[in-house]
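Here's the letter readout for the chains.
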Amino acid sequence: MSQWNQVQQLEIKFLEQVDQFYDDNFPMEIRHLLAQWIENQDWEAASNNETMATILLQNLLIQLDEQLGRVSKEKNLLLIHNLKRIRKVLQGKFHGNPMHVAVVISNCLREERRILAAANMPVQGPLEKSLQSSSVSERQRNVEHKVAAIKNSVQMTEQDTKYLEDLQDEFDYRYKTIQTMDQSDKNSAMMNQEVLTLQEMLNSLDFKRKEALSKMTQIIHETDLLMNNMLIEELQDWKRRQQIACIGGPLHNGLDQLQNCFTLLAESLFQLRRQLEKLEEQSTKMTYEGDPIPVQRTHMLERVTFLIYNLFKNSFVVERHLQPKEMKSSAGGKGNEGCHMVTEELHSITFETQICLYGLTIDLETSSLPVVMISNVSQLPNAWASIIWYNVSTNDSQNLVFFNNPPPATLSQLLEVMSWQFSSYVGRGLNSDQLNMLAEKLTVQSSYSDGHLTWAKFCKEHLPGKSFTFWTWLEAILDLIKKHILPLWIDGYVMGFVSKEKERLLLKDKMPGTFLLRFSESHLGGITFTWVDHSENGEVRFHSVEPYNKGRLSALPFADILRDYKVIMAENIPENPLKYLYPDIPKDKAFGKHYSSQPCEVSRPTERGGKGYVPSVFIPISTIRSDSMEPHSPSDLLPMSPSVYAVLRENLSPTTIETAMKSPYSAE
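None of these values were measured; they are calculated from a predicted model.

(A) Expanded view of helix α16 (residues 432-443). Over its twelve residues, α16 runs 16 Å from end to end, which matches the ideal 16 Å to within 8%, given 1.5 Å per residue. Among the residues of α16, Q434, L435, M437, L438, A439, K441 and L442 are the ones counted as buried. Buried residues along α16 sit in contact with α15 (411-426), β7 (452-453), α17 (455-460) and α18 (470-490). Residue N431 occupies the N-cap position of α16, its side-chain oxygen lying 3.1 Å from the main-chain nitrogen of D433.

(B) Representation of the packing of aromatic side chains in the model. Throughout the structure, instances matching the rule amount to 25 aromatic pairs. Their ring planes at 70° and their centres at 5.7 Å tell us that Y493 and F591 sit as a pair that is edge-to-face. Taken together, the residues Y493 in the loop between α18 and α19 (500-507) and F591 in helix α22 (residues 587-591) connect sequence positions 98 residues apart. On the accessibility criterion, Y493 (22% relative accessible area) is partly exposed. Exposure remark for F591: the relative accessible area of 0% places this residue in the buried category. When the centroid spacing of 6.3 Å and the interplanar angle of 45° are considered together, the rings of F529 and F558 count as tilted. Here the residue F529 occupies a position in strand β9 (residues 527-534), and F558 occupies one in helix α21 (residues 558-564), the gap between them amounting to 29 residues. Just above the ring of W473 sits the side chain of K441; from NZ or CZ to the centre is 4.8 Å. We note R552 situated over the ring of Y548; from NZ or CZ to the ring centre the distance is 4.3 Å.

(C) A look at the packing of helix α11 (residues 189-245) against helix α12 (residues 255-285). Interaxial distance between α11 and α12 falls to 11 Å at its minimum, and their mutual angle equals 160°. With respect to α12, the element α11 is oriented roughly antiparallel. Between α11 and α12 lies a crossing of left-handed hand. Touching R209, L213, M216, I219, I220, T223, L226, M227, L231, E234, L235 and W238 of α11 are L255, L258, C261, F262, L265, L269, L272, Q275, L276, L279, Q282 and S283, all from α12. A per-class count over the contact of α11 with α12 returns 18 nonpolar, four polar and two charged.

Parameters at a glance
Residues numbered from 1 in each chain as written. Predicted model: local features only at pLDDT ≥ 70, side-chain atom pairs only at ≥ 80, totals over all residues. Heavy atoms only, no water. Helix = DSSP H or I, 4+ residues; strand = E, 2+ residues; numbered from the N terminus. Expected span 1.5 Å × (residues − 1). Buried < 20%, exposed > 50% of the residue type's maximum accessible area, 1.4 Å probe, protein only. Contact = heavy atoms within 4.5 Å. Polar contact = N/O pair within 3.5 Å; in protein donor to acceptor, adjacent residues only side chain to side chain. Phe/Tyr/Trp six-rings, centres within 6.5 Å; stacked < 30°, edge-to-face > 60°. Lys NZ or Arg CZ within 6 Å of the ring centre and 35° of its normal. Axes fitted to C-alpha atoms, helices over the stretch in contact; angles between N-to-C directions. Parallel < 35°, antiparallel > 145°, perpendicular 65-115°, else oblique. Left-handed = near helix turned anticlockwise from the far one by under 90°. Nonpolar A, V, L, I, M, F, W, Y, C, P; charged D, E, K, R; others polar.

If you want it as structure tokens, here you go:
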């Protein structure tokens with residue numbers, strides 16, 4: 001089932017999250033129409049490769065044109081109109097920056113996977129709960145309401161300013177009219193009435209000036225409170241959500257709402273500034289004793305200008321995906337002091353710009369979240385662990401000396417982030433049973449108190465009796481899934497994280513031939529399968545193969561291995577012992593769609609081995625053509641153990657044996 005089909009089957013509360021996300025990122029109509037094609041492209045790789053991104057964007061538009069052709073035949077006028085509009089928007093928005101569309105679609109697919117994983121989780125994790133609290137949503141609504149109220153108030157003072165201008169123009173006209181009257185007319189009753197009218201107008205003008213300035217003062221006060229309390233707090237929350245999103249958490253789309261609030265507030269402040277300038281012009285044309293404009297305007301203008309500067313400086317933030325291609329020197333970068341491993345050296349990339357707007361020049365500066373600069377891809381896993389630990393453990397987005405004394409993290413937070421890694425990187429998060437196994441593995445290695453775990457136990461100290469750390473073990477599993485067993489993992493057929501003890505409890509009462517797939521705890525990036533059968537006296541027996549790692553899985557798809565796997569049973573007859581995937585799914589029903597088109601002619605028997613495993617090996621069997629006695633080239637053959645070689649010698653002709661390679665498979 002495609003990912004999009006799974007999404008459409010979600011409960012309404014999760015569908016609302018999907019709907020909200022697509023509203024702000026990518027047209028859902030395109031996601032729906034091109035679902036399978038979109039999921040088959042590597043958007044993540046394209047987000048860092050401009051050439052690949054350009055090709056994918058062109059192909060996206062071609063796919064869209066094909067859909068347009070199809071709906072044109074169906075004469076669906078509304079859909080034709082929408083698709084044409086969407087195509088125009090896509091081409092205009094992404095034509096000059098094709099990597100951006102790759103980032104957007106990659107994020108959309110990742111967010112779908114996260115929502116699917118969240119839907120399968122029994123409870124929401126603490127980090128996601130904190131980002132979706134009702135108080136946060138209430139504050140967002142309050143911010144939007146207050147911004148709208150301020151904008152409306154500024155519109156009202158705009159009308160007041162215009163009214164003052166009209167009133168002053170009328171006063172000027174009447175006053176000049178009196179000035180041009182004959183001396184004889186100045187003592188008339190009409191003249192006296194006109195003077196009284198002018199006095200009333202002047203009183204009204206003074207009142208309206210004071211009223212307008214009072215309203216503007218109130219707006220400035222409300223804007224100051226909104227910015228320094230709710231809006232800045234909302235921005236800090238967005239930065240925290242950004243931290244969580246960069247380690248696989250939910251991609252909450254609050255930035256567009258924030259940008260809208262900042263934009264409306266900036267427009268209102270600039271409008272207020274222009275109104276104060278107009279009042280100054282009016283005061284210059286006509287002033288009087290007690291005129292409030294010269295007294296109040298300068299201070300108010302300073303406050304408005306300060307708020308504009310403050311608003312712009314706070315609204316300058318870093319969003320998208322930073323990947324420096326080369327670092328020739330550390331000059332110009334801000335890093336932490338002290339001696340650390342490369343993967344614990346935090347750096348901050350500074351961005352500077354200058355804007356000139358409506359006569360104001362504002363210098364802006366902001367910094368990225370801390371990044372880790374690596375010199376070799378082998379450092380990437382530990383670098384990523386550092387980024388995870390930092391963003392889980394602190395709200396401070398610029399603490400570059402964090403690893404001088406890294407604080408512990410709560411186990412519940414770490415488990416939530418671990419599930420995010422699987423949902424975002426390999427398309428399926430972890431369920432409660434899998435997370436419980438990871439919790440046991442994390443806590444058995446050391447004293448565990450108050451639900452906290454140290455950085456050293458997570459990434460620096462080896463697991464008991466092993467030569468690798470917990471994170472190295474987990475990251476190797478992620479790499480194994482991504483490169484070799486991804487379809488099986490996405491389908492949910494890999495139990496993966498289950499201890500040997502729990503494995504036996506699950507299998508002991510099942511039908512003979514029932515098996516499950518789990519990740520090796522002793523081999524990095526290894527996967528094994530265990531099946532159950534019964535001895536002649538009815539005793540339950542468990543058999544596990546030596547783990548398959550990426551080296552072995554590069555030779556043959558894992559689904560084919562499960563299909564063709566054989567062991568030497570009684571009378572030296574190879575037989576496949578794998579019948580049912582736990583709990584009772586017929587093997588071919590579970591994995592049939594992932595098999596190669598034809599079963600391999602090469603079977604893979606095993607013999608009993610040490611260390612509790614049945615060591616798996618490959619048996620090559622060559623087909624000898626009648627016109628040639630030459631064997632296949634060594635590259636066409638697969639390794640075979642000496643013991644299996646001996647079995648074959650007993651059952652096959654010498655001619656056939658001579659065509660087989662004798663070198664044993666080098667087990668990990």
